[in-house]
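Each chain, letter by letter, is given below.
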Amino acid sequence: MFYMLSAASPEIVVLVTACLVLLVDSSLRDRGHAAAYWLAQAGLLLALIGCALLLPRVAGLRWFFGMVVIDPLAVVLKSFVLVLVIVALIYGREYLRPRRWLSGEYFALTLMVALGALVLISAGSLLMVYLGLELMSLSLYALVALHRDAPATSEAAMKYFVLGALASGMLLYGMSLVYGVTGTLDLQTLARTLTAAQTGQPVWVLALVLIIAGVAFKLGTVPFHMWVPDVYQGAATPVTLLVSTAPKIAAYAMAMRLLAMGLSAGAAQWSPILIVLAVASMALGNLVAIAQSDIKRMLAYSTIAHMGFLLLGVLAASPAGYAGAMFYSIVYALMSLGAFGVVILLAGAGPETDRLDEFTGLGRRSPWFALVALILFFSLAGVPPFAGFWAKWFVIKELIHSGHVVVAALAVFFSVIGAYYYLRIIRLMYFDVGEAARPLAADGDLSLALSVNGLAILAIGVMPGVLMSTCLRAIGH
Amino acid sequence: MELGIFYTLAAVVLFAAVMVITVRNPVHAVLFLVLAFLGSAGLWLLLEAEFLAIALVLVYVGAVMVLFLFVVMMLDINLVPLREGFARYLPAGAAVALALASVMGFLLGPRYFGLAQFPAPRRMPADYSNTTALGRLLYTYYLYPFEVAAVILLVAIIAAIALTQRARRRIKTERPERQIHVRRQDRVRLVSMPAEKPAGEGGA
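Because the structure is a prediction, the values reported are computed rather than measured. (Residues numbered from 1 in each chain as written. Chains lettered and ligands numbered in written order. Predicted model: local features only at pLDDT ≥ 70, side-chain atom pairs only at ≥ 80, totals over all residues. Heavy atoms only, no water.)

Attention now goes to the overall build of chain B. Regarding its fold elements, chain B presents 10 helices and 0 strands. In sequence order, the secondary structure elements of chain B are arranged as α-α-α-α-α-α-α-α-α-α. Looking at chain B as a whole, 18% of its 204 residues are labelled buried. Considering only contacts in chain B between residues 6 or more positions apart, those separated by 24 or more positions represent 59%. For chain B, the computed accessible surface area is about 16,200 Å², with 69% contributed by carbon and sulfur atoms. (Helix = DSSP H or I, 4+ residues; strand = E, 2+ residues; numbered from the N terminus. Buried < 20%, exposed > 50% of the residue type's maximum accessible area, 1.4 Å probe, protein only. Contact = heavy atoms within 4.5 Å. Areas by Shrake-Rupley, 256 points an atom, 1.4 Å probe, with all protein chains shown as cover.)

Written as structure tokens, this is what we have:
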């Protein structure tokens, strides 16, 4: 019983915290926001401790009748999701507080996003994949719609919800086909009984296409990317930040659980589909991002391109490829966290324009944060020695190893194109002179978290072996 | 006999489902949906799943659909804008539907989902309780998903309240009980200041 509960300890702690946050916030009224914030942070920290201390003791086993899988992959990804949400709350509070947008629902729904991601990461059955995904997505839809002061926000929430429901429907339909043919929802049983000959049959191809559509929607890859720019631009910046971090790691875990673990026998079928998705995403994301003048929209197209790159690691269908994709998902989430942190820092307490011009002259206004932003955007562009370079390096290396040389060449080509729009921001920061630039007013928490975030990218870049060997061990290589 | 009942109920369900999406009046659509639910409940009964059949009637027909009817009747839905662009989107929609239907017709045939793959369930004795069997499964094997599903409903409640309650917080309302208790000190502040001459007046 104790072991069973400790297998779900992070989830239980996060759920209880979310309920407490709602109670505290609604009973203390306006003063409750500070209490709710610290309570949420304490709960996430406790869950993180549970992840680090309790989960390794029950690792390697399946709990709740195979519904929950605790493997090294789950332990590592869950820990990173919790860290990301903790930092996302620090950034988010600095943005929401001066605008008087703080509310108990924001904290509770953010915790629910974390909970959904945790459930999804250790899903051992198709049922749990679906429930975790829905829990996470439903909370995200609500968060996007929460601060709807502009018509763009309502539009973003509506698009996200309708397209998300459609993608869930497709995923569910694919799962129902799998269940109809095999009679099991258990991913391990599927992995054990399925043969490559079976998955070549037309009904399996249809099921795979539908399941991949669901995964691709969550990642935001072409042609399921339509929602990404509108949601990134329309949602309040802290919500955009949340959408682009923890759920991406969860979506990677979902791809791993479904494709690499459950339906690994069908690799010959799903690998070519992923190639098309990945190359189209890299092409569209990198090319369209060049034309953007809105930083959030530009980062949205950058997400599309990066998620395409992440899929390259999965489609290699080898342990090193999976580990490379895992490295990529973690590093991307950290970079995106930092990039939106910079956007929040620039917005300050004043009106937010999100124009790229906001970066003009940052190098003179605030040399330190300009340096942090430099690290982040160099890393996003894939310039060595920052973490983003190694993420690309590991994926491309494994891609060539598995014989996809043309795809690897395309990936490098589009990355070079993509470097342009990141470097443009760096040019704005250091070489352009703006007219009346606002001074930066950063709170202690925000500046500390942002500095640590930037330095973490630098540290991973200097010593990529530490994280990469963790990823390799998590995949079981 | 059983086969006859099955085909009758299946025909009723299919007919009602088609009517739900084709009738013009939304109230009629809701009523046809009720008919579809009743037919499905009958199908559950044929499978000896009494609990599911009763739950479907009580929860969906009894509660959800009545609420739905209220909503549909209260909202003054103007159908004209809903039908705007119907002709414009018809070709694309029809093409997608046709492609999907042909793929499904090709794949969902008897080859994978025929009767040979799905033997009829065993007949249960008279004292068999569907409710017990369901409860046993739900609280053992499916305990964890059951709890997560409950959390999803909690999120739905939080989201619904957060999204609808929000506008009300900004509304400024009168509080008569505080208005009649107001004292002069609350509203008026007497400030004693030294008298000041406007600058530049003395120069003339």
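Residues and elements named next belong to chain A. Applying the stated criterion to the full structure yields 13 salt bridges over all chains. As a salt-bridge pair, Asp-186 and Arg-62 come within 2.8 Å of each other at their nearest N and O atoms. Residue Asp-186 is located in the loop between helix H8 (151-182) and helix H9 (187-193), and its partner Arg-62 is located in strand S1 (residues 61-63); the two are separated by 124 residues in the primary sequence. Among the residues examined, Asp-186 registers a relative accessible area of 9% and is labelled buried. The exposure class assigned to Arg-62 is partly exposed, which follows from its relative accessible area of 28%. (Salt bridge = Lys/Arg side-chain N within 4 Å of Asp/Glu carboxyl O.)

Here we take up the confidence of the model for chain B. Caution is warranted with low-pLDDT regions, since their predicted coordinates should not be read in detail. Here chain B averages 84 in pLDDT, while 89% of its residues score no lower than 70. Here helix H4 (residues 79-83) of chain B is the element of chain B with the lowest mean pLDDT, 67, and helix H1 (residues 2-22) of chain B is the one with the highest, 93. (pLDDT = per-residue confidence, 0-100.)

This paragraph deals with unusual backbone geometry. Here the residue pair Val-222 of chain A and Pro-223 of chain A is connected by a cis peptide bond, since its omega of 0° sits within 30 degrees of zero. The topology assignment puts Pro-223 of chain A in the loop between helix H11 (202-219) and helix H12 (227-234). In this structure, the amide linkage connecting Pro-384 of chain A to the following residue, Pro-385 of chain A, adopts the cis form with an omega of 5°. Examined against the element boundaries, Pro-385 of chain A turns out to sit in the loop between helix H19 (367-381) and helix H20 (387-401). Despite not being glycine, Arg-100 of chain A shows a phi value in the positive range, around 55°. Mapped onto the elements, Arg-100 of chain A comes out in the loop between helix H5 (72-96) and helix H6 (104-121). Overall, the relative accessible area of 75% leaves Arg-100 of chain A in the exposed class. At Glu-48 of chain B, a residue that is not glycine, the phi angle is positive and equals roughly 65°. Turning to its location among the elements, Glu-48 of chain B is positioned in the loop between helix H2 (26-46) and helix H3 (50-74).

Of the residues lining the interface, 28 residues belong to chain B; the matching set on chain A comes to 37 residues. Both faces considered, chain B and chain A share a buried interface measuring about 2,900 Å² in area, 78% of it formed by carbon and sulfur atoms. Where chain B packs against chain A, one counts 0 residue pairs in polar contact (both at pLDDT 80 or more). For the side of chain B that touches chain A, the element with the highest residue contribution is helix H8 (residues 143-170) of chain B, accounting for 16 residues. (Buried area = accessible area lost by both parts, 1.4 Å probe. Polar contact = N/O pair within 3.5 Å; in protein donor to acceptor, adjacent residues only side chain to side chain.)

All names here are of chain B. For H3, built from 25 residues, the straight-helix expectation of 36 Å at 1.5 Å per residue is met to within 8% by its first-to-last C-alpha distance of 34 Å. For H3, the principal kink sits at Met-65 and spans about 30°. Buried residues belonging to H3 abut H2. (Expected span 1.5 Å × (residues − 1). Bend = angle between axes of the 7 residues up to and from the residue.)

Residue and element names in this part refer to chain A. Evaluated as defined, the whole model comprises 26 aromatic pairs over all chains. Look at Phe-359 and Phe-377: their rings are 5.8 Å apart centre to centre, the planes differ by 80°, and that puts the pair in the edge-to-face class. Of the two residues, Phe-359 sits in the loop between helix H17 (319-347) and helix H18 (362-365) while Phe-377 sits in helix H19, which places them 18 residues apart along the sequence. In this structure Phe-359 comes out as buried when scored by relative accessible area, which is 1%. Three or more aromatic residues link up through ring pairs in this structure, and these residues are Tyr-141, Tyr-160, Phe-161, Phe-217 and Trp-227. Taking NZ or CZ as reference, Arg-93 lies 4.0 Å from the ring centre of Tyr-37, over its face. Taking the ring centre of Tyr-95 as reference, the NZ or CZ of Arg-99 above it sits at 3.9 Å. (Phe/Tyr/Trp six-rings, centres within 6.5 Å; stacked < 30°, edge-to-face > 60°. Lys NZ or Arg CZ within 6 Å of the ring centre and 35° of its normal.)

With that settled, consider the state of the cysteines. A covalent bond between the sulfur atoms of two cysteines is referred to as a disulfide. All names here are of chain A. Enumeration according to the criterion identifies 0 disulfides over all chains in this entry. Cys-19 takes part in no disulfide bond, and the closest cysteine sulfur, belonging to Cys-51, lies 19 Å away. Between Cys-471, a cysteine without a disulfide, and Cys-51, which holds the nearest cysteine sulfur, the sulfur-to-sulfur distance is 15 Å. (Disulfide = S-S within 2.5 Å.)

Residues and elements named next belong to chain A. The end-to-end C-alpha distance of helix H14 (residues 246-262) is 22 Å, a good match for the 24 Å that 17 residues give at a rise of 1.5 Å each. Its maximal kink placed at Met-256, H14 deviates by approximately 30°. Buried residues dominate H14, accounting for 16 of its 17 residues.

Ranked by size, the top nonpolar core spans 210 residues in total, and within it Tyr-252, Leu-258, Leu-312, Met-326, Phe-359 and Phe-377 of chain A carry the most contacts. With 21 residues, the single largest contributor to this core is H17 of chain A. When neighbours within four sequence positions are excluded, Phe-359 of chain A is seen to be in contact with Ile-295, Val-342, Leu-346, Arg-365, Phe-377, Ile-425, Leu-428 and Met-429 of chain A. Judged by nonpolar contacts, the second largest core, of 10 residues, contains Val-30, Phe-37, Ala-53 and Met-65 of chain B. (Core = buried A, V, L, I, M, F, W, Y, C linked by side-chain atoms within 4.5 Å.)

Bringing the environment of Tyr-421 of chain A into the picture now. All names here are of chain A. Structurally, Tyr-421 is set in helix H21 (residues 405-430). Overall, the relative accessible area of 0% leaves Tyr-421 in the buried class. For the pair formed by Tyr-421 and Val-288, sequence separation is 133 residues and the distance between their alpha carbons is 10 Å. For Tyr-421, the residues in contact, after removing those within four places along its chain, are Gly-285, Asn-286, Ala-289, Ile-290, Met-298 and Ser-302.

Residues and elements named next belong to chain A. Together, Met-1, Leu-5, Ile-12, Val-16, Leu-20 and Leu-23 give the surface a local cluster of nonpolar side chains, amounting to about 590 Å² of exposed area. For the nonpolar patch, the leading source of residues is helix H2 (residues 9-28), giving 4 residues. Position of Leu-23 relative to the elements: it lies in helix H2. (Patch = residues over 30% accessible without salt bridge, like charges linked within 9 Å, V, L, I, M, F, W, Y side chains within 5 Å.)

Residues and elements named next belong to chain A. For Ser-336, the location among the structural elements is in helix H17. When its relative accessible area of 3% is taken as the criterion, Ser-336 is described as buried. Setting aside chain neighbours within four positions, we find Ser-336 in contact with Ser-244 and Thr-245.

Okay, the environment of Pro-238 of chain A next. Residues and elements named next belong to chain A. For Pro-238, the position within the fold is in helix H13 (residues 237-243). Of the residues examined, Pro-238 reaches a relative accessible area of 2% and is grouped as buried. Sequence separation of Pro-238 and Met-256 is 18 residues, and the distance between their C-alpha atoms is 27 Å. Discounting residues that sit within four places of it in the chain, Pro-238 has contacts with Gly-92, Tyr-95, Leu-96, Tyr-106 and Ile-344.

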